[in-house]
Amino acid sequence: MIKKIISIFIIIFTITAFTIVENSKYKCMIQMKNYTGEGAYVVISLLNPEGEYEKTLYVQGDDEEWYHDITNWWNFHGKVRSDIDAITGATISGGNRVISIIEIPNDKINKGYKIRFESAVEDQEYYKDDVEFELTSESVKSKTEGKGFIRYVRMIPQ
Amino acid sequence: MTISIWRYSHLTLAISSFVFIIIASVTGIVLAFEPISNQLKPFAIQNANTITLAETITSLKKEYEEVVSLKVDENNFLEASVITKNGQSHTFYVNPVTGKKIGDLIERASIYKWTTNLHRSLFLKSTGRFLVGFFSFLLFLITITGSILIIKRQGGIIQFFTKVVKEDFKQYYHVILGRYTLIPIIIITLTGVFLSLEKFSVLPETKISHNVDFSKTFAGKKLSFEDFDTFKSIYLKELKSLEFPFSDDEEDYFFLKLNNKELYIHQYSGEIISEQNLPWIRIVSNWSLFLHTGRGTILWSLILMFSSFSILFFVYSGFAMTIERRKKSTLPKNKINKDKAEFIILVGSETGSTFGFSIALYKALINAKKSVFIDHLNNYTSYKSANHLIVLTATYGEGDPPNNATNFLKLASKIEQPNLINYSVVGFGSMAYSDYCQFAIEVDAILNEHSKYKPVLPLFKINNQSFTDFKEWCIQWSKQIEIPLHLKQEVIKPKKQHAFTVVNKTDLNIDASFLVRLKPAKKLKFISGDLLSITPKEDTIERLYSIGKINNDILLSIKKHEYGICSNYLNQLQKNDMLNATITPNTSFHFPKKSTGVILIANGTGIAPFLGMIDANYKYIKTHLFWGGRTTESVELYSKQIYKAYDNKQLSSIHIAYSQEQKEKIYVQDLVSKEQDIIASVLKNNGTIMICGSIAMMNDVLKVLETISISKLNTPLNLQQIKTDCY
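All of these numbers come straight from a predicted model, not from anything done at the bench.

Procedures and definitions
- Residues numbered from 1 in each chain as written.
- Chains lettered and ligands numbered in written order.
- Predicted model: local features only at pLDDT ≥ 70, side-chain atom pairs only at ≥ 80, totals over all residues.
- Helix = DSSP H or I, 4+ residues; strand = E, 2+ residues; numbered from the N terminus.
- Contact = placed C-beta atoms within 7 Å.
- Buried ≥ 20, exposed ≤ 12 C-beta atoms within 10 Å, placed from the backbone.
- Pairing = 2+ DSSP bridges.
- Axes fitted to C-alpha atoms, helices over the stretch in contact; angles between N-to-C directions.
- Nonpolar A, V, L, I, M, F, W, Y, C, P; charged D, E, K, R; others polar.
- Expected span 1.5 Å × (residues − 1).
- Arc of directions from axis to C-beta.
- UniProt positions renumbered as here; feature names shortened; annotations may be inferred.
- Parallel < 35°, antiparallel > 145°, perpendicular 65-115°, else oblique.
- Left-handed = near helix turned anticlockwise from the far one by under 90°.
- pLDDT = per-residue confidence, 0-100.
- Core = buried A, V, L, I, M, F, W, Y, C linked by C-beta atoms within 7 Å.

## Here we look at the overall build of chain B
- If you tally the helices and strands in chain B, you get 18 helices and 26 strands.
- Within chain B, residue pairs in contact and separated by at least 24 positions form 72% of the contacts whose partners lie at least 6 positions apart.

Structure representation (structure tokens):
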């Protein structure tokens, strides 16, 4: 009897272990350009192969009042309103850099998924894809130049 | 002239910016709570000047898998961003010695976020920031003009912090608080302006650029970073932040920010590969932020909060003063031309109170069917039909002219008059100033020298806007010019009247005195020594009577004067008649709540408040009563109450002087002089002496008290111990 229960548990455990997709941690550094003005809001999101928002990975900027300035992301997040407290940091001022740890599910690598960094500064432009690249085993340890407030983004697996 | 410019600017600036200033102050008060509440949390780094960066890094490295960055925040808390041994990424406050987590990051309460937005940009983003910066600058100008006004008022920069003469609550504290908060407000406004400017790229470019040459590869021995000399030589008090190298790549470096410079440090050798000092503007910016927000210090936050409260008070008191001044300063519209008038009244006033007197005189002359022209002193000119000139003027500061009289002296010596004019000058002032009525003296002198002017009366000075004194002048003057004048005091603000019922009224005694007992129709708060002001309809002049409070009733002791309008009115009152009057608190003449001994000295009807005080002396404070009357019959009006109080031990001794009972007159001061021991012991034990009655009696009593104090106690009389209410 006891043996049966144990074996059932083992089976359940092995099934769940294989169905839960592992996340991997990546160290991600955002280096800003020398712009003047307020600190920038930078949102890191995971996009599916169709280019739709899948998940918010990190938010630099903790004052929710300005979130609607990050228009594209807000259209996604504003509806979902998932809890992002644990993945929220401060805004990044011009010339500064910030290092954060982001988690990406392993099954999104090499599958056409993209990572997007969009940036906005109070009373200045909004860049919907300041940095954006496809997630591959190569790109997650690379350096990518930005088009807007971001000079470059570097990532390495943790 | 100069004074009015400063005052004018002070007011104009205040009017144009007060809405913003109120918003900024109220939000400022709210925001001041944030650094205070943060500082009350136990996360601040202790001994920041003895712990080296190397020590902290070593303990952090032991405690965690990886350290991403380290930061000393504005509250002086050490914030570490780490990856824990089980691979979790976290940011929290750590103990710099043990490296252990001591608390989660403080999340800014949304009230502070909201208030900060309102405070710095009024929710208008850039436009708002500009406005706030601009009004902050205006507030700075208001502060400067305010200081200049204080300097003028006190008579020079050196006197800036000398005693301020207390005339009015609002005015007094406007000046007093203004001096105390001058420096903090200048700091708040200038840093505010600076912080706003920063956002508009008008300040010089402050970006630091580091040049690093990574062309040579590192060949030496890799050092463990806790052994870096740089880290060993830096203490936590200098640290702003340290970012650890992003990866093992040689081109990744330690990025160290100190209070005054930024460093790149090689992650293998520990050598400084780039070092840049912070530009001064960045340092000013840091200081501005600190001074403006009070971050990290409770004391400064409290000062900032106090200053914000003061600013609100300035707005209130400033406008209240302006409105009062406006009300007072309007002269009546002249009905005739200046060249047709026989009487010319010229007024000089800074704060406006002299206008009330001038208007009273103007109306009295009009009622006497005279042709009158009234004007400001600065508008002095020639008057073709003038026969009389009356100048009523106050003095500003140290003998300066009031702002509507600044040109008068120059004009008076220049302008010729066609006819000979009779003149009289009335000076208004306060004996508390050393230059009492100085400007009036100068006006009088210049008119005296003038060939076309002839004095009717010598210069007449009036202290503290006494209407009685002004009436006195008017009587003298009207005698001289042989025109009967009936002067009515301008009732500026009718106070709220209360209804009272007459409970009892005694018949006139031998001295024509009587007692009236009044019951307030509604419950009123008052105590013995307060004043009851009764304004008869006949002459609209307010009379003040000292109140004796007995069983919540008001007891008045009144002497009937043959022609006294008010005393006759009160004398004809019958039981159950109604009467309207106002109670004015008179805190300077209340019976002490605690005392080692009290001496009450009165003559005639001045005993009334004392009857109430004795009646309420349930603490049995040792109290001695001295009273002076004319005859033994005079005291009968009060004797029942006095002796009852004596039997109840509410009075310790009674001393009565009769001036008419024996050959030589004995007055109350003679009794005081006789009972030197009682007086001296009360004075010595820091007791209180209260005097109520005629001014003549008070002066005589004070002389006697002074003599006793000097002869028995070897010290001049301490006026703090004396309370008077005399008329």
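## Overview of the overall build of chain A
- Along the backbone of chain A there are two helices and nine strands.
- Counting from the amino terminus, chain A carries its helices and strands in the arrangement α-β-β-β-α-β-β-β-β-β-β.
- Every one of the 158 residues in chain A was classed for burial, and the buried ones make up 27%.
- For chain A, the proportion of contacts with a sequence separation of at least 24, taken over those separated by at least 6, is 65%.

## Some words on the sheet that holds strand 20 (residues 553-559) of chain B
All names here are of chain B.
- Reading across the sheet, the seven strands line up as 18-17-21-15-16-20-19 and stay open at both edges, with antiparallel pairing between neighbours. Each edge of the open sheet carries a strand with a single partner, namely strand 18 (543-546) and strand 19 (548-550). The sheet shows a mean angle of 45° between the axes of neighbouring strands, direction not considered.
- The pairing of strand 17 (residues 531-534) with strand 21 (residues 578-584) spans three bridges and is antiparallel. Across the sheet, residue Leu 531 finds its bridge partner in strand 21, namely Thr 584.
- Seen against the sheet, helix 14 (residues 608-615) touches strand 18, strand 19 and strand 20 and runs at an angle of roughly 40° to strand 19.

## Thoughts on the sheet that holds strand 4 (residues 88-89) of chain A
Residues and elements named next belong to chain A.
- Here we have five strands laid out as an open sheet, ordered 4-3-2-6-7, and mixed in their pairing. Each of the sheet's edge strands pairs with one partner strand only, and the pair in question is strand 4 and strand 7 (126-134).
- Where strand 3 (residues 53-60) meets strand 4, two bridges bridge the pair, whose relative direction is parallel. From the neighbouring strand, Gln 60 faces strand 4, where its bridge partner is Gly 89.
- Sheet strands touched by helix 2 (residues 71-80): strand 2 (41-47), strand 3, strand 6 (114-120) and strand 7. Its angle to strand 3, the strand with the most contacts, is close to 115°.

## Details of the interface of chain A and chain B
- In this assembly, 15 residues from chain A lie in contact with 14 residues from chain B.
- With three residues, strand 1 (residues 23-32) of chain A is the largest single contributor of residues to the side of chain A that touches chain B.
- Per-class residue counts for the side of chain A that touches chain B are four nonpolar, five polar and six charged.

## Description of helix 12 (residues 467-481) of chain B
Residue and element names in this part refer to chain B.
- Here helix 12 contains 15 residues, and its C-alpha end-to-end distance of 21 Å stays within 8% of the 21 Å for a straight helix at 1.5 Å per residue.
- Of the positions making up helix 12, those classed as buried are Phe 470, Trp 473, Cys 474 and Trp 477. Each buried residue of helix 12 sits inside an arc of 105° when the element is viewed along its axis, so together they form one side.
- Next to the buried residues of helix 12 lie helix 9 (353-367), strand 12 (421-429) and strand 14 (460-463).
- Remark: Glu 482 follows helix 12 within two positions and exhibits a positive phi of approximately 55°.

## Here's the deal with the pairing of strand 3 of chain A
All names here are of chain A.
- Relative to strand 3, strand 2 runs antiparallel, the two being bridged by six bridges. Note on strand 3: the bridge partner recorded for Val 42 is Gln 60.
- The turn joining strand 2 and strand 3, which pair antiparallel and follow one another in sequence, is formed by five residues; a positive phi near 85° is taken by Gly 51.

## A look at the UniProt feature "transmembrane region" (unreviewed entry) in chain B
All names here are of chain B.
- Here, UniProt's "transmembrane region" (unreviewed entry) annotation points to residues 12-33, 130-151, 172-197, 298-323 and 343-362.
- Between the end C-alpha atoms of residues 172-197 there is a gap of 35 Å, over a span that is 100% helix and 0% strand.
- Helix makes up 100% of residues 298-323 and strand 0%, and the two end C-alpha atoms of the span are 38 Å apart.

## Re the packing of helix 5 (residues 169-198) of chain B against helix 7 (residues 280-293) of chain B
Residues and elements named next belong to chain B.
- Relative to each other, helix 5 and helix 7 sit at 130°, their axes nearing to 9 Å. Classed by the angle they form, the pair helix 5 and helix 7 counts as oblique. Crossing geometry of helix 5 relative to helix 7 is assigned as left-handed. Along its contact with helix 5, which presents Ile 187, Ile 188, Thr 191, Gly 192, Phe 194, Leu 195 and Glu 198, the element helix 7 presents Val 284, Ser 285, Ser 288, Leu 289, Leu 291 and His 292.

## Quick word on the confidence of the model for chain B
- Mean pLDDT over chain B: 87, with 96% of residues reaching 70 or higher.
- Across the whole predicted complex the pTM is 0.58, and at the interface the ipTM reaches 0.75.

## Overview of the packing of helix 4 (residues 125-154) of chain B against helix 5 of chain B
All names here are of chain B.
- Across the interface, helix 4 lies against helix 5 with an axial gap of 8 Å and an inter-helix angle of 150°. If you check the angle between helix 4 and helix 5, you find them roughly antiparallel. Classified by chirality, the crossing of helix 5 by helix 4 is left-handed. Contacts between helix 4 and helix 5 involve Arg 129, Phe 130, Val 132, Gly 133, Ser 136, Phe 137, Leu 139, Phe 140, Thr 143, Gly 146, Ser 147 and Ile 150 from the first element and Val 175, Gly 178, Arg 179, Leu 182, Ile 185, Ile 186, Thr 189, Leu 190, Gly 192, Val 193, Ser 196 and Leu 197 from the second.
- Here the contact of helix 4 with helix 5 is built from residues that sort into 13 nonpolar, nine polar and two charged.

## Details of unusual backbone geometry
- Even without being glycine, Leu 122 of chain B reaches a positive phi, approximately 50°.
- Relative to the helices and strands, Leu 122 of chain B resides in the loop between helix 3 (110-121) and helix 4.

## Concerning helix 15 (residues 636-647) of chain B
Residue and element names in this part refer to chain B.
- Helix length check: helix 15 (12 residues) gives 17 Å between terminal C-alpha atoms against 16 Å at 1.5 Å per residue, within 8%.
- Residues of helix 15 that are buried include every one of Leu 637, Tyr 638, Gln 641, Ile 642 and Ala 645, and no others. Here the buried residues of helix 15 occupy an arc of 100° about the axis, which is enough to place them on one side. In helix 15, those exposed residues whose orientation departs by more than 90 degrees from the buried face are Lys 640, Tyr 643 and Asp 647.
- Once helix 15 ends, the next one or two residues include Lys 649, with phi positive near 65°.

## Observations regarding the environment of Lys 333 of chain B
Residue and element names in this part refer to chain B.
- Structurally, Lys 333 is set in the loop between helix 8 (298-329) and strand 9 (343-348).
- Overall, Lys 333 belongs to the exposed group, with 6 C-beta atoms counted inside 10 Å.
- Spatially, the C-alpha atoms of Lys 333 and Ile 374 are 8.2 Å apart, while their sequence positions differ by 41 residues.

## So, the nonpolar core
Residue and element names in this part refer to chain B.
- Membership of the largest hydrophobic core comes to 55 residues, with the highest contact counts inside it found for Leu 532, Leu 556, Leu 600, Ile 601, Phe 610 and Val 701.
- Top element by residues in this core is helix 18 (residues 695-713). It accounts for six residues.
- With near-sequence residues (within four places) excluded, Leu 556 lies in contact with Leu 515, Val 516, Leu 532, Tyr 545 and Ala 608.
- In this structure, Ala 341, Ala 394, Tyr 423 and Val 425 belong to the second largest nonpolar core, which totals 44 residues.

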